[in-house]
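# Survey of secondary and tertiary structure
This is what each chain is made of:
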Amino acid sequence: MPAYKRILLKLSGEALMGDDAYGINRATIVRMVKEIQEVTALGTQVAVVIGGGNIFRGVAGGSVGMDRATADYMGMLATVMNSLALADTMRQEGMTARVMSAISIDQVVEPYVRPKALQYLEEGKVVVFAAGTGNPFFTTDTAAALRGAEIGAEIMLKATKVDGVYTADPKKDPSATRYGSITFDEALIKNLQVLDATAFALCRDQNLPLKVFSIFKPGALKRVVLGEDEGTLVHV
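What comes next concerns the included structure. Note that this is a predicted model, so its numbers are computed, not measured.

The rules behind the values
Every residue gets a number counted from 1 within its own chain, in the order that chain's sequence is written. Given that this is a predicted model, residues contribute local features only at a pLDDT of at least 70 and side-chain atom pairs are listed and counted only at 80 or more, while totals for whole chains, interfaces and linings are drawn from all residues. Processing note: side-chain calculations cover all non-hydrogen atoms of the structure and skip hydrogens and water entirely. Geometry is summarised by axes, namely lines fitted to C-alpha atoms with helices restricted to the contacting stretch, and by angles between N-to-C directions that run from 0 to 180 degrees. Only DSSP runs of H or I with at least four residues qualify as helices, and only runs of E with at least two residues qualify as strands; both kinds are numbered from the N terminus onward. Any angle that is under 35 degrees is reported as roughly parallel, and any over 145 degrees as roughly antiparallel; angles of 65 to 115 degrees are reported as roughly perpendicular and all others as oblique. Left-handed describes a crossing whose near helix is turned anticlockwise from the far helix through less than a right angle; right-handed describes the clockwise counterpart. Residues count as neighbours in contact if any of their non-hydrogen atoms are within 4.5 Å of one another. In this classification, Asp, Glu, Lys and Arg are treated as charged, Ala, Val, Leu, Ile, Met, Phe, Trp, Tyr, Cys and Pro as nonpolar, and every other residue, Gly included, as polar. Nitrogen and oxygen atoms within 3.5 Å of one another constitute a polar contact, given that in protein one can donate a hydrogen and the other can accept it, and given that sequence-neighbouring residues count only through two side-chain atoms. DSSP-based pairing: two strands are paired if at least 2 bridges between them are found.

With that settled, the discussion passes to the packing of helix 1 (residues 26-41) against helix 3 (residues 68-92). How two helices pack is summed up by the angle between their axes together with the distance between the axes. In the contact formed by helix 1 and helix 3, the axes pass within 10 Å of each other and the chain directions differ by 65°. Relative to helix 3, the element helix 1 is oriented roughly perpendicular. Along this stretch, helix 1 crosses helix 3, giving a crossing that reads as right-handed. Mapping the contact onto sequence places Arg 26, Ile 29, Val 30, Val 33 and Ile 36 in helix 1 and Ala 85, Leu 86, Thr 89, Met 90 and Gln 92 in helix 3. Of the residues in the contact of helix 1 with helix 3, the class split is seven nonpolar, two polar and one charged.

Another aspect to go through is unusual backbone geometry. One non-glycine residue, Asn 191, adopts positive backbone phi at about 55°. Tracing the backbone through its elements, the reader meets Asn 191 in the loop between helix 6 (184-189) and helix 7 (197-205). One non-glycine residue, Asn 207, lies in the positive phi region at around 55°. Structurally, Asn 207 can be placed in the loop between helix 7 and strand 8 (210-214).

So, on to the side chain of Lys 158. Structurally, Lys 158 is set in strand 6 (residues 155-160). Within the structure, Lys 158 has its side chain in polar contact with the side chain of Asp 141 (distance 3.2 Å). Contact partners of Lys 158, with chain neighbours within four places excluded, come to Lys 10, Asp 141, Val 194, Leu 195, Leu 210, Lys 211, Val 212 and Phe 213.

Paired through backbone hydrogen bonds, the strands of a sheet run either parallel or antiparallel to each other. Taken together, the nine strands give an open sheet; going across it, the order is 4-3-5-2-1-6-8-9-7, and neighbouring strands pair in mixed fashion. Of all the strands in the sheet, the pair left with one neighbour each is strand 4 (110-111) and strand 7 (181-183). In this structure, strand 6 lies alongside strand 8, joined through five bridges in parallel fashion. Bridged to Thr 160 within strand 8 is Ser 214. The sheet strands contacting helix 3 are strand 1 (6-11), strand 2 (45-50), strand 3 (97-101) and strand 5 (126-130), and the helix crosses strand 5 at an angle near 165°.

Have a look at this one:
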């Protein structure tokens, strides 16, 4: 029995690269989609926000000295590409996904309209939110917190390369230990970089709990949704 009826899953663009330098690794995206499919099979409604680092990293050299807002819009377009790839992979796996973009590209994806997104979720479709918040100066973490609050998600799941929040960087400090759960205030006092400041404040103010876990650990997403001890829960 799933612990959550509706979740917001935040994937980084980098997670799609697998071991590649940039772009989308086919085997990696298929594996991620299968993990999401396991969760939808439990009856949990899934919305996804994806970053664009895997594509934008490939062109980042050209953005040196570029106006920040312009660079951010390029990043938003990268998330649209990732969202399309994710939705198409879902289609190939027999799932139904809808991409909704915060910036208007009507020939490619439909615009983000909250009631429509809620309808899709109720129908059991996976909704992929593209183009961040549609505004420069906001990260995709903030977009995930915003959309999570808007759709009434019970929890925001941040899929990362590490399996939770640690007392220190586990790569640098072998004695670092994983927190099972921690409050937003504790994370702030200890200066644990869980999310960027805007996203963090939004989650805390809207009482949207956050679970940080590793997307590279097989079955971790399903265990999180079943309410098992996986990753780190950040709560009010």
